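Structural overview for review
As a plain string of letters, each chain reads:
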Amino acid sequence: MKYNFDPMYIIDCFKEIVNVPSPVGYYVQMNPVIEKIAARFGYTVTYDNKSTPYITIEGEDNSKTVEIACHLDTIGMMVKRIDANGMIRVRNTGGVNWQSLEGETVTVYTRDGREYTGLMACQSHSVHVFDDARTLARDENTMMIILDEDIKCEADVRALGIRHGDMVAADPRCTFTKNGYLKSRFIDDKAAVACAFTLLKYLTENNLKPKYKTLLAFPYSEEIGTGGTYVPSEVSEYVAIDIGLIGPDYDGNEHCVTICCKDNTGPYDYELTSRLVNTAEKIGTNYVTDIFYRYGTDASAALKGGNNIKAAAFGMPVYCSHGVERTHIDSLINTAELMIAYALGE
Ligand SMILES: [Zn+2]
C-alpha cells in the first residue's frame, strides 16, 4: 500500500451504512448517518434540492473544483398493489434481479415511519403445491411479499398503514469472511461510500489537503440513471466511484480496481481517464482498464445532464451485480488508494 490507512475501516464503515435502508429515492434514514460519520472528521454536510449530501474539502488550490460521487441508493421497490388476500405486489426502482430476491427478507417502510418485514416469494411459491413452482418466470408480475404479520385480506394490510407508493428494501445480507471476502446486496455502491470516508479519514488524520477543492457527493438515484444529472456549477471534473464488472469480456477481478474507459453512454474523458491510469501506475495500485456494456454511472448521468465537465469512473469489481454481490477487501483498498491519489493530484 502506498498510503498508510487501516483497511478494516472500509469494512467497518461499510457495515455501518449498508444496514441503513436507502432504496432509490429514500434518503430519510441514511442522511442523518452520513452527517454523523462526517462529523467524526470535523465536517458538516450540505444538500442540494434532491437531498444529495455533499462534503466539501478545501483544496491547496480552490480555483478548481472536482467532484467525487458515490451513490447511496440501492436497487429497491415500491408497493404497487395489495391483493385481496393481502399479498403485496411491488414495482422495481432500478434493475432488480427478481430471481435473486426470491426467499429474501424485505422491509416495507410506511410514510408515517412504521416498518414491516416480509418474505419475497413467487406466487407459485411451493414445489409441493404448484406445478410451475420451478419454472414460472420470476418477474414483477409473479413476485409478491408475504408480510410477517397475521394477514387474511387487503384490509388487514391497509390497517397496518401500508399503502401504494411505500418504499421496500431487501435485506443487505452482509458478511465478511476471515480471508477478506465481502458479500452483500449493496456493495454497489455503499462500498464506494465507505472508500470515500476512508479518503476523508486519511486526509484528516494526516492533515492533508486535496490538490483542488473537492466535493464528496452521495446521490440517491443512480440506479434509475438520474443521480449525477445535477452537478454544482463550480465543478469542472467529475469522477464516479462505482462497481466494476467481472466476466468474459473483462480484465477486472476481485483484487483490483477497474478504471472504466467507456460505458453504455460512450467513452469517458480521454485526458482524465489517461491521468487516472498514469496515477494508478505511478502509485503501484493493482488496476485494470475495461469497457462496460449494460452499465452507467453518475458520471455518465452527469454528461447526459448536459454538464460542462470532464467525466471518469472507477471502482471495485464484483461478482453477481444486482444480486448478492461479492468482492475482496483488496479491491476496496485499491479503490480507496486510487481515490486518495486522485484527490492529492499524484
Ligand atoms: Zn452502482
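Predicted, not measured: the structure shown is a model, and the values here were computed from it.

Some remarks on the packing of helix H1 (residues 7-18) against helix H2 (residues 30-40)
Running from N to C, H1 and H2 point in directions that differ by 150°, and their axes come no closer than 10 Å. One finds that H1 runs roughly antiparallel with respect to H2. Residues Tyr9, Cys13, Glu16 and Ile17 of H1 form the contact with H2, whose participating residues are Met30, Val33, Ile34, Lys36, Ile37 and Arg40. In terms of residue class, the contact of H1 with H2 is built from 7 nonpolar, no polar and 3 charged.

Focus on the domain arrangement of the protein
Considered domain by domain, the protein is made up of domain 1 (7-74 + 186-344) and domain 2 (76-170). Taking only C-alpha atoms, the centre of domain 1 and the centre of domain 2 are 32 Å apart. The junction of domain 1 with domain 2 conceals about 910 Å² of combined surface from both sides, 60% of it contributed by carbon and sulfur atoms. It is Pro23, Tyr26 and His322 in domain 1 that bury the most area against domain 2; as a group they hold 40% of the surface buried on that side. Our count for the domain 1 to domain 2 interface comes out at 0 salt bridges. Looking at the side of domain 1 that touches domain 2 residue by residue, the class counts come to 7 nonpolar, 5 polar and 1 charged.

Brief notes about the coordination of the zinc ion
Surrounding the zinc ion are the protein donor atoms His71 (NE2), Asp188 (OD), Asp242 (OD) and Asp242 (OD), at 1.9 to 2.6 Å. A relative accessible area of 1% means that His71 is categorised as buried. According to the relative accessible area criterion, Asp188 is buried, its value standing at 5%.

What to know about the nonpolar core
By size, the foremost hydrophobic cluster in this structure holds 106 residues, and its most contacted members are Ile162, Phe197 and Phe218. Residue contributions to this core peak at 12 residues, all from helix H5 (residues 187-205). Counting contributing residues per domain, this core is built from domain 1 (7-74 + 186-344) and domain 2 (76-170), each supplying no fewer than three. The residues touching Phe197, leaving out its near neighbours within four places in the chain, are Tyr9, Cys13, Ile34, Ile37, Ala38, Phe41, Ile55 and Phe218.

Rules of the game
- Residues numbered from 1 in each chain as written.
- Predicted model: local features only at pLDDT ≥ 70, side-chain atom pairs only at ≥ 80, totals over all residues.
- Heavy atoms only, no water.
- Axes fitted to C-alpha atoms, helices over the stretch in contact; angles between N-to-C directions.
- Helix = DSSP H or I, 4+ residues; strand = E, 2+ residues; numbered from the N terminus.
- Parallel < 35°, antiparallel > 145°, perpendicular 65-115°, else oblique.
- Contact = heavy atoms within 4.5 Å.
- Nonpolar A, V, L, I, M, F, W, Y, C, P; charged D, E, K, R; others polar.
- Domains from an automatic or database assignment.
- Buried area = accessible area lost by both parts, 1.4 Å probe.
- Salt bridge = Lys/Arg side-chain N within 4 Å of Asp/Glu carboxyl O.
- Donors = N, O, S within 2.8 Å, 3.2 Å for Na, K, Ca; no water.
- Buried < 20%, exposed > 50% of the residue type's maximum accessible area, 1.4 Å probe, protein only.
- Core = buried A, V, L, I, M, F, W, Y, C linked by side-chain atoms within 4.5 Å.

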